[in-house]
Amino acid sequence: MSTPPLEPTLRHLENLSQTLEPNFAERALVQTAVEQYLQTFLTQLPTLPSYTAQPEMGGGLLESPIAEEPVPVQEALQLLKTQVDTPGLNPASAGHMGYIPGGGLYYAGLGDYLAAVTNRYAGLFYSAPGAVRMENMLLRWMAGIIGFPEDAAGNLTSGGSIASLIALATARDAHHISAALIPKAVVYTTAHAHHCLDKALRITGLGECPVRHIAMDAQFRLQPDALEETIAQDKAAGFTPWIIIASAGTTDVGAVDPLPQIATIAQRHQLWFHVDAAYGGFFALAPSGLPTLKGIEQADSVVMDPHKGLFIPYGLGAVLIKNRQQLAHTHHYQANYMQDTLSATEEASPADLSPELSKHFRGLRLWLPLKLHGVAAFRSALEEKLLLAQYAYQRLQELKSFETPVVPALSVVIFRYLPSEGFDANTFNQRLIRAVQVDGRVFLSSTMLGNNFMLRMAILSFRTHQTTVDLALQILQEKVLELEENWQE
Ligand SMILES: *Cc1c(COP(=O)(O)O)cnc(C)c1O
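Residues numbered from 1 in each chain as written. Predicted model: local features only at pLDDT ≥ 70, side-chain atom pairs only at ≥ 80, totals over all residues. Heavy atoms only, no water.

- As named in an unreviewed UniProt entry, the chain is Aminotransferase class V-fold PLP-dependent enzyme, taken from Rufibacter immobilis.
- Quoted straight from UniProt, the Cofactor (unreviewed entry) entry for the chain says "pyridoxal 5'-phosphate".
- Per its UniProt entry, the chain bears the Sequence similarities (unreviewed entry) comment "Belongs to the group II decarboxylase family." (UniProt positions renumbered as here; feature names shortened; annotations may be inferred.)

Below, the structure written as structure tokens:
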């Protein structure tokens, strides 16, 4: 039996697969539709709600299954509009002041577009020297912002959680925390540390490390004396103090732990000093933020999120490790099929400093906006956010019936309404936040401080300005009145 010739089949398959390469006219058609979609989105954005409750929660997407046949771009964009870009939280809106707001700079989107279409492979210096140089240059720029040395190393990650994972894995290896040592290797932090650090400890195999939640002061900052005391007790009891995890901007209240004092303690006891600055780190660019972050330069590792403090769309965190050998030691590898890449060492390759091999060329989504806007615009926006938090704090204090227990260190304002007698404060504030969220013009979130249900206004979107804060305060007062007038147990 003779095998049939391959050529006709190949020609047939080639014809079919060529639709994956649209021609100029086809590209222009889809591109125009996408750009129009975005222009409409941006034009309407100031009037779009920050939160939209929709009962089916995007379920209509499932009625259009992934199928063999293509659909027209308008149909795809219609699905996107109704099923994805409408229900839930609208993080692009100025009124998003919940959790820690993200950004969504337009030029960052164009950076992603360029990176995706050209598809440079940014994992290795050998394959994309310019892309790797760009990412390392951005990391050196960030290191400069927080006062780290030139030769610190780092990695652009998908976010703060993965960045924390890299930092903790590095700290584990640098301090030789072997399996046998884990039950005795103590972690010092506060109850307000971000949960991604607990998660990172667990994923890095360190879930059995004892964790000490050090007491906080009235402003929810770690108390250095209590830290010192706990370390001494642990040493006396035969534990091995290993790492201090401090926060430079907690999610709950935006507190910055006393970094200089903590650094001194870390040095005295030879502990790894990690600073979670995922939210707060880039405030070092702002004149009023820099003094607040003093001491961060003494850390061994720092995490900061450009998708928070630099207004980049979701998907960009960063880790910086002061001692580059330690980062490389934990993450480098060798494989026979990578042998061509070994000679190119002028710039460290992201693949040698992170768990990733093939990766998104994340640098471009940050580089392009930094180049096109200039750093001064970011500095001003960050300074504005800090002052807006002071402004919101002052206005809330003037409103009397609102309690504001924490002076904002950065841009989170925490408060609650103190209802008149006969109302339960926690129930009242739960209903208040619900009413604000259902209203949808702005989005605020809540947390607990001890047993108290608290509301939070987190000001970080580049689109949030004084009018947004004024609107939020106006809505809060409206809702308070409505609740008091229509109260039912
Ligand atoms: C957001 C945040 C994280 C987690 O970072 P992701 O980018 O969401 O993964 C960690 N710590 C703090 C203080 C944060 O605000």
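Still more ground to cover, so stick around.
**Side note on the nonpolar core**
- Judged by nonpolar contacts, the single largest core of 67 residues is most densely connected at Leu227, Phe273, Val275 and Val302.
- The dominant element in this core, judged by the number of residues it contributes, is helix H5 (residues 129-145), at seven residues.
- Both of domain 1 (111-375) and domain 2 (376-485) provide at least three residues apiece to this core.
- Of all hydrophobic cores here, the second largest spans 28 residues; its members include Tyr393, Val436, Phe453 and Leu483. (Core = buried A, V, L, I, M, F, W, Y, C linked by side-chain atoms within 4.5 Å. Buried < 20%, exposed > 50% of the residue type's maximum accessible area, 1.4 Å probe, protein only. Helix = DSSP H or I, 4+ residues; strand = E, 2+ residues; numbered from the N terminus. Domains from an automatic or database assignment.)

**As for the site of the ligand**
- Among the 14 residues in the neighbourhood of the ligand, the closest are listed as Gly160, Ser161, Asp276, Asp305 and Lys308.
- Note that an oxygen atom of the ligand is positioned 2.7 Å from one of the backbone N or O atoms of glycine 160.
- For the ligand, whose unbound accessible area comes to 370 Å², protein coverage reaches 85%.
- Secondary structure elements with two or more residues in the shell around the ligand: helix H6 (160-174) and helix H10 (306-309).
- Classifying every residue of the shell around the ligand gives four nonpolar, seven polar and three charged. (Near = heavy atom within 4 Å. Polar contact = N/O pair within 3.5 Å; in protein donor to acceptor, adjacent residues only side chain to side chain. Areas by Shrake-Rupley, 256 points an atom, 1.4 Å probe, with all protein chains shown as cover. Nonpolar A, V, L, I, M, F, W, Y, C, P; charged D, E, K, R; others polar.)

**Digging into the packing of helix H14 (residues 425-439) against helix H15 (residues 466-485)**
- Following both chains from N to C, one finds H14 and H15 inclined at 120°, their axes separated by 10 Å at the closest point. When the axes of H14 and H15 are compared, the pair comes out oblique. Considering how the two elements wind past one another, H14 and H15 form a crossing that is right-handed. In contact with Phe428, Arg431, Leu432, Ala435, Val436 and Asp439 of H14, H15 contributes Ile475, Leu476, Lys479, Val480, Leu483 and Glu484.
- Residues of the contact of H14 with H15, tallied by class, amount to eight nonpolar, no polar and four charged. (Axes fitted to C-alpha atoms, helices over the stretch in contact; angles between N-to-C directions. Parallel < 35°, antiparallel > 145°, perpendicular 65-115°, else oblique. Left-handed = near helix turned anticlockwise from the far one by under 90°. Contact = heavy atoms within 4.5 Å.)

**Some remarks on the UniProt feature "modified residue: N6-(pyridoxal phosphate)lysine" (unreviewed entry) in the chain**
- Here the UniProt feature "modified residue: N6-(pyridoxal phosphate)lysine" (unreviewed entry) sits at Lys308.
- Mapped onto the elements of the fold, lysine 308 is located in helix H10.
- Overall, the relative accessible area of 16% leaves lysine 308 in the buried class.
- Lysine 308 has contacts with Ile100, Pro101, Ala278, Tyr279 and Leu460, leaving out every residue within four places of it along the chain.

**Some remarks on the packing of aromatic side chains**
- This structure, assessed with the given rule, holds twelve aromatic pairs.
- Here phenylalanine 311 and phenylalanine 378 contribute two aromatic rings whose centre-to-centre distance is 6.1 Å and whose plane-to-plane angle is 10°, an arrangement assigned as stacked. You can see phenylalanine 311 sitting in the loop between H10 and strand E9 (317-321) and its partner phenylalanine 378 sitting in helix H13 (residues 375-398), a full 67 residues away along the chain. Each member of the pair, phenylalanine 311 as well as phenylalanine 378, carries the same accessibility label: buried.
- Ring geometry for phenylalanine 402 versus tyrosine 417: centroids 5.2 Å apart, planes at 65°, classification edge-to-face. One end of the pair, phenylalanine 402, is in strand E10 (residues 402-403); the other, tyrosine 417, is in strand E11 (residues 412-417), with 15 residues separating them in the sequence. Both residues of the pair, phenylalanine 402 and tyrosine 417, count as buried. (Phe/Tyr/Trp six-rings, centres within 6.5 Å; stacked < 30°, edge-to-face > 60°.)

**A closer look at a nonpolar patch on the surface**
- A cluster of nonpolar side chains, Leu29, Val30, Val34 and Leu38, forms an exposed patch at the surface whose accessible area comes to about 300 Å².
- Secondary-structure assignment places valine 30 in helix H2 (residues 24-44). (Patch = residues over 30% accessible without salt bridge, like charges linked within 9 Å, V, L, I, M, F, W, Y side chains within 5 Å. Salt bridge = Lys/Arg side-chain N within 4 Å of Asp/Glu carboxyl O.)

**Focus on the sheet that holds E10**
- One open sheet accounts for four strands, arranged E10-E11-E13-E12; its pairing is antiparallel. What marks the edges here is a single partner per strand, and that holds for E10 and strand E12 (445-449).
- Inspection of the sheet shows E12 paired to strand E13 (residues 452-458) by five bridges, in the antiparallel sense. Across the sheet, residue leucine 449 finds its bridge partner in E13, namely asparagine 452.
- Strands E11, E12 and E13 of the sheet are contacted by H14, whose axis makes an angle of about 30° with E13. (Pairing = 2+ DSSP bridges.)

**Let's talk about the pattern of salt bridges**
- Per the stated rule, a full pass over the model turns up 17 salt bridges.
- Salt-bridge contacts for arginine 133 lead to glutamate 347; the nearest nitrogen and oxygen are separated by 3.7 Å. With a gap of 214 residues between them, arginine 133 in helix H5 and glutamate 347 in the loop between helix H11 (324-331) and helix H12 (363-373) connect regions that are remote in the sequence.
- The class for arginine 133 is partly exposed, based on a relative accessible area of 35%.
- For glutamate 347, a relative accessible area of 11% gives the class buried.
- When the shortest N-O distance is used, the salt bridge between arginine 441 and glutamate 478 registers 3.1 Å. Of the two residues, arginine 441 sits in the loop between H14 and E12 while glutamate 478 sits in helix H15, which places them 37 residues apart along the sequence.
- One network of salt bridges, in which partners are shared, links Asp439, Arg441, Glu478, Lys479 and Glu482.

**Let's talk about H5**
- Across its 17 residues, H5 extends 24 Å between first and last C-alpha, which sits within 8% of the 24 Å expected from 1.5 Å per residue.
- Where H5 is concerned, the buried positions are Ala131, Val132, Met134, Glu135, Asn136, Leu138, Leu139, Met142, Ala143 and Ile145.
- Contacts made by the buried residues of H5 are with strand E3 (153-157), H10, E9 and H12.
- Of the residues flanking the end of H5, it is glycine 147, one or two places downstream, whose phi is positive at about 80°. (Expected span 1.5 Å × (residues − 1).)

**Quick look at the sheet that holds E3**
- Pairing within the open sheet is mixed, and its seven strands lie in the order E3-E9-E8-E7-E6-E4-E5. Of all strands in the sheet, those with a lone pairing partner are E3 and strand E5 (211-213), marking the two edges. Direction aside, the axes of adjacent strands within the sheet are offset by 15° on average.
- Here helix H8 (residues 224-236) sits on the sheet in contact with strand E4 (185-189), E5 and strand E6 (240-247), set at roughly 170° to E4.

**Details of the domain arrangement of the chain**
- You can read the domains of the chain as domain 1 (111-375) and domain 2 (376-485).
- A separation of 30 Å is found between the C-alpha centroids of domain 1 and domain 2.
- The interface is formed by 29 residues belonging to domain 1 together with 23 residues belonging to domain 2.
- Three residues, Phe283, Phe311 and Val375, lead the burial of domain 1 against domain 2; their summed loss comes to 28% of the area buried on that side.
- Scanning the region where domain 1 abuts domain 2 turns up zero salt bridges. (Buried area = accessible area lost by both parts, 1.4 Å probe.)

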